[in-house]
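What the coordinates show
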Amino acid sequence: MHFFATCSKGTEGALRQELAALKLPAVRGGRGGVHFEGRLEHGAKACLHSRTAMRVLLELAAFPVDGADALYEGARAVDWTPWLTERTTLAVEATGLAPGVTHTGFAALKVKDGVVDMLRDKLGARPDVDTRNPDVPIVLHLDGGRATLSLDLAGEPLHRRGWRTTTSVAPLKETLAAAVLLAGRVEVEAPFVDPLCGSGTLAIEQALRARRIPPGLERSFAFQRWPCYREELQSRWDRLRSQARAAVLPAAPAPIFASDFHPKAIDACRRNAHLAGVSGDVVIEQANVRDLQPRGEPGTLCMNPPYGERLIAEEEGPEARSAARTQERKLAGFYRLLAELLDRHPGWSAVLLSGNPLLQKTLARKAEIDHRLWNGPLEIHLLRYRL
Ligand SMILES: C[S@@+](CC[C@H](N)C(=O)[O-])C[C@H]1O[C@@H](n2cnc3c(N)ncnc32)[C@H](O)[C@@H]1O
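As the structure is a prediction and not an experimental result, all values here were calculated from the model.

Points about the overall build of the chain
Across its full length, the chain carries 10 helices and 14 strands. In summary, the chain has a C-alpha radius of gyration of 23 Å against a globular reference of 21 Å for 387 residues, a match within 12%. Each of the three principal axes of the chain carries a C-alpha extent, and together these read 70 × 60 × 35 Å. Within the chain, the fraction of its 387 residues that count as buried is 53%. A fraction of 76% describes how many contacts in the chain between residues 6 or more apart in sequence connect residues 24 or more apart. As presented, the chain carries roughly 18100 Å² of accessible surface, and 50% of it is formed by carbon and sulfur atoms. Here the chain carries 51 positive and 46 negative side-chain charges, and the mean point of each set is 3 Å from the other.

Written out as structure tokens, the structure is:
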């Protein structure tokens, strides 16, 4: 079987490293994700352990498309009976465009018709559509005149780990935070400090990683509702989970500190750490970055500072321009505080996400790693410094 695990743009290297470490067969980098091969069990293993994948797709068919009819015929030609019965629900999600197919909603409808008609012919009955929580999420991807039809093993995207119920300003996706820790080479055996923790995503992901708690350990996935699951996968899945559970460490090997000056961020961080099961591993305190002093052995300062991404448009009036200039001055002052924080930590490493070139300029240091990533639509840089 051929799988494609998707991830945020720029994090493919981290995902490839992760899937190779899981010893999945034929791991190969791609655009926007990583390919691998194997049995259904290997796809399930990626859902259980990958911290950086957004989705794990099982590719069922690929064919050329020159119009909507080709989508219907292509979907109808696939044998869907191993995956769907008349009692399971389905939904089709479409991405991309192809010649003669300019509307993703319409493309999804054509595929759904093809799937349903194939099953009605074979089983004498058709499954229902459930767009909110389908048993079998089907993904159609259109690119360069080709269609790929896949099943989404997880259903709910993998970044929704289940522990983040409260967010504060500009939270990072859990999968992006995990990729930052991996690509930024943040160690788990040395102290970790996020002084701008917000809702705690970086610190909590670091704690989960340090304790070897797989992100999928307490989750249920779409593939568990497929007919083939009971027949061939359930016992292997149970074994994978019990092996993973046995490998969990009782505590993080090094201290993890998370602080923020905003009381609401601290509340959110506490609640999330509790739900993630790592409240005993993360020390959460309200503090201004200006007052932070190095504590204990050297480790990593890791943070996602505000980017101040609002740009002034040409046509905006003098008031808007003056407000933007004030905001820029404030941001410059804040970045100077961060430069001073780094200066107070000789012997440490710093891993920062930068969405504003002014930050790098203000830090005035040579980065050991400067890697381009995307935080949603924003192009940002992952920077690592040895202090
Ligand atoms: C972009 S957010 C971090 C988001 C976080 N990574 C998350 O996933 O939730 C930046 C955080 O810096 C905090 N902050 C800004 N200035 C600060 C200061 N002087 N001292 C401490 N925290 C500050 C804000 O309250 C905000 O939570």
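Examining the pattern of salt bridges
Here the structure, examined in full by the defined rule, presents 21 salt bridges. Residue E93 pairs with R55 through a salt bridge whose shortest N-O separation is 2.8 Å. One end of the pair, E93, is in strand β5 (residues 90–96); the other, R55, is in strand β4 (residues 55–64), and 38 residues separate them in sequence. Take E93: its relative accessible area is 36%, and that puts it in the partly exposed class. According to the relative accessible area criterion, R55 is buried, its value standing at 18%. Across the pair R120 and D117 runs a salt bridge whose closest N-O atoms are separated by 3.0 Å. Of the two residues, R120 and D117 both sit in helix α4 (residues 104–123), 3 residues apart, roughly one turn of that helix. Classification of D117 as buried rests on a relative accessible area of 18%. Among the charged side chains, a network of salt bridges with common partners joins R76, D117, R120 and D121.

Focus on the site of the ligand
Close to the ligand lie 19 residues; L172, S199, T201, D260 and V289 are nearest. S199 places a polar side-chain atom, nitrogen or oxygen, 2.7 Å from an oxygen atom of the ligand. Contact with the protein chains covers 93% of the free accessible surface of the ligand, which is 600 Å².

Structural notes on the side chain of S349
Mapped onto the secondary structure, S349 falls in strand β12 (residues 349–354). A distance of 3.1 Å separates a polar atom in the side chain of S349 from a polar atom in the side chain of R384. Filtering out sequence-adjacent residues up to four positions away, S349 remains in contact with G299, T300, L301, R384, Y385 and L387.

Considering the nonpolar core
Of all hydrophobic cores here, the largest spans 60 residues; its most connected members are L71, W80, I138, F223 and W226. It is α4 that contributes the most residues to this core, 7 residues altogether. Once residues within four sequence positions are removed from consideration, L71 is found in contact with F63, V65, V101, A107, K110, V111, L140, L142 and A147. F192, A252, L373 and I380 belong to the second largest nonpolar core, which has 34 residues in total.

Overview of the domain arrangement of the chain
The domain architecture assigned to the chain consists of domain 1 (2–152) and domain 2 (174–213 + 248–386). With centres defined by C-alpha atoms, the gap from domain 1 to domain 2 works out at 35 Å. Opposite the 11 residues of domain 1 that make contact, domain 2 presents 14 residues. Together domain 1 and domain 2 conceal approximately 990 Å² of surface at their shared face, both sides included; 61% is due to carbon and sulfur atoms. It is K9, G10 and R51 in domain 1 that bury the most area against domain 2; as a group they hold 54% of the surface buried on that side. Along the contact surface separating domain 1 from domain 2 lie 0 salt bridges. Taken together, domain 1 and domain 2 are joined by 3 residue pairs in polar contact (both at pLDDT 80 or more). Taken together, the residues that form the side of domain 1 that touches domain 2 break down as 3 nonpolar, 5 polar and 3 charged.

Brief notes about the packing of helix α2 (residues 40–49) against helix α7 (residues 227–246)
One can describe the packing of α2 onto α7 by two numbers: an axis separation of 10 Å at closest approach and a directional angle of 40 degrees. Classified by the interaxial angle, the pair formed by α2 and α7 is oblique. As α2 runs across α7, the sense of the crossing is right-handed. Here L40, E41, A44, K45, L48 and H49 of α2 come into contact with α7, specifically with C228, L233, R236, W237, L240, R241 and A244. Residues belonging to the contact of α2 with α7 are distributed by class as follows: 8 nonpolar, 1 polar and 4 charged.

Describing the packing of helix α3 (residues 68–76) against α4
Their axes nearest at 7 Å, the elements α3 and α4 cross at an angle of 35 degrees. In the crossing of α3 with α4, the sense of the turn from one axis to the other is right-handed. Of α4, the residues touching α3 (which contributes A68, D69, L71, Y72, A75 and R76) are F106, A107, K110, V111, D113, G114, V115, D117, M118 and D121. The residue inventory of the contact of α3 with α4, partitioned by class, reads 9 nonpolar, 1 polar and 6 charged.

Reading the values: rules and limits
- Residues numbered from 1 in each chain as written.
- Predicted model: local features only at pLDDT ≥ 70, side-chain atom pairs only at ≥ 80, totals over all residues.
- Heavy atoms only, no water.
- Helix = DSSP H or I, 4+ residues; strand = E, 2+ residues; numbered from the N terminus.
- Rg over C-alpha atoms; globule rule 2.2 N^0.38 Å.
- Buried < 20%, exposed > 50% of the residue type's maximum accessible area, 1.4 Å probe, protein only.
- Contact = heavy atoms within 4.5 Å.
- Areas by Shrake-Rupley, 256 points an atom, 1.4 Å probe, with all protein chains shown as cover.
- Lys, Arg positive; Asp, Glu negative; His and termini not counted.
- Charge placed at Lys NZ, Arg CZ, Asp CG, Glu CD.
- Salt bridge = Lys/Arg side-chain N within 4 Å of Asp/Glu carboxyl O.
- Near = heavy atom within 4 Å.
- Polar contact = N/O pair within 3.5 Å; in protein donor to acceptor, adjacent residues only side chain to side chain.
- Core = buried A, V, L, I, M, F, W, Y, C linked by side-chain atoms within 4.5 Å.
- Domains from an automatic or database assignment.
- Buried area = accessible area lost by both parts, 1.4 Å probe.
- Nonpolar A, V, L, I, M, F, W, Y, C, P; charged D, E, K, R; others polar.
- Axes fitted to C-alpha atoms, helices over the stretch in contact; angles between N-to-C directions.
- Parallel < 35°, antiparallel > 145°, perpendicular 65-115°, else oblique.
- Left-handed = near helix turned anticlockwise from the far one by under 90°.

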